[in-house]
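The lines below spell out each chain.
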Amino acid sequence: MPANMALLTELKHEASGTRKMIERVPTDHFSWKPHEKSMTLGRLATHIAELSSWVVNILQADEFDLAGSSFKPEGKENTEAILQVFDARLADAIAALEYATDDKMNALWTLRQGDHIIFQLPCKVALRNMAFNHLYHHRGQLSVYLRLLQVPLPGMYGPTADERP
């Protein structure tokens, strides 16, 4: 199986669980955070929704310079707006992955901050690191936030304690 198809299959599979988690985010708790150094619930959920854009960033350019980035985090007013961002970024990521060749997937990709190279990895490894693993990490954080707010958690890889009879 070509690398793009393996990653595409995983992305689509994991997206349903991610969407279920975002759906549980209560709008009335967007400003809540578990610690002063933590992101707010609304910012964390929005960050998760935006993370699929890394698939496009990695596949459309040979490098990304954090110093020259004009990225501004989206501020969303409700859970439905965050889900719209998630769906749009996911659709873009799926489209980009569908056309990624093995040559592109094996080519080096660089993350830098100005002259400082943070890392240089094959594109398929950068996708795993910057898009997939990054998203899973924050989705796990979101599950803890929701648990602390007494929000029932959806199953990701089987039923949760909230779903058992």
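Below or above, wherever it landed, is the structure these notes cover. (Residues numbered from 1 in each chain as written. Predicted model: local features only at pLDDT ≥ 70, side-chain atom pairs only at ≥ 80, totals over all residues. Heavy atoms only, no water.)

### Observations concerning the pairing of strand S2 (residues 108-113)
Quick reminder of the rule: Paired strands are those between which DSSP finds at least two bridges. The secondary structure listing takes helices from DSSP runs of H or I that are at least 4 residues long and strands from runs of E that are at least 2 residues long, numbered from the N terminus.
Relative to S2, strand S1 (residues 63-65) is paired through three bridges, and the arrangement is parallel. Bridge assignment links Phe 64 to a residue of S2, and that residue is Leu 111. The pairing of S2 with strand S3 (residues 116-122) spans six bridges and is classified as antiparallel. Considered in S3, the bridge of Leu 108 is made with Pro 122.

### Topic: the packing of helix H1 (residues 3-23) against helix H6 (residues 123-148)
Cut-off, in case you're wondering: To define axes, lines are fitted to C-alpha atoms, for helices over the stretch in contact only, and angles between the resulting N-to-C directions are given on a 0 to 180 degree scale. Throughout this description, any angle smaller than 35 degrees is read as roughly parallel, any larger than 145 degrees as roughly antiparallel, any in the 65 to 115 degree range as roughly perpendicular, and the remainder as oblique. Crossings are classed by handedness, with left-handed meaning an anticlockwise turn of the near helix from the far one by less than a right angle and right-handed meaning a clockwise turn. In this analysis, two residues are considered to be in contact whenever any of their non-hydrogen atoms come within 4.5 Å of each other. Polar here means any residue outside two lists: the nonpolar Ala, Val, Leu, Ile, Met, Phe, Trp, Tyr, Cys and Pro, and the charged Asp, Glu, Lys and Arg; Gly therefore counts as polar.
Closest axis-to-axis distance for the H1/H6 pair is 11 Å, and the angle between their directions is 15°. Classified by the angle their axes make, H1 and H6 are roughly parallel. Note that H1 runs across H6; the crossing there is left-handed. Mapping the contact onto sequence places Ala 3, Leu 7, Glu 10, Leu 11, Glu 14, Gly 17, Thr 18, Met 21 and Ile 22 in H1 and Lys 124, Leu 127, Arg 128, Phe 132, Leu 135, Tyr 136, Arg 139, Leu 142, Ser 143 and Leu 146 in H6. Here the residues of the contact of H1 with H6 sort into eleven nonpolar, three polar and five charged.

### A short note on the environment of Ala 49
You can see Ala 49 is positioned in helix H2 (residues 41-50). Residues Ala 49 and Met 21, 28 residues apart in the sequence, show an inter-C-alpha distance of 11 Å. Those residues in contact with Ala 49 that lie beyond four places of it in its chain are Ile 22, Ile 82, Val 85, Phe 86 and Arg 89.

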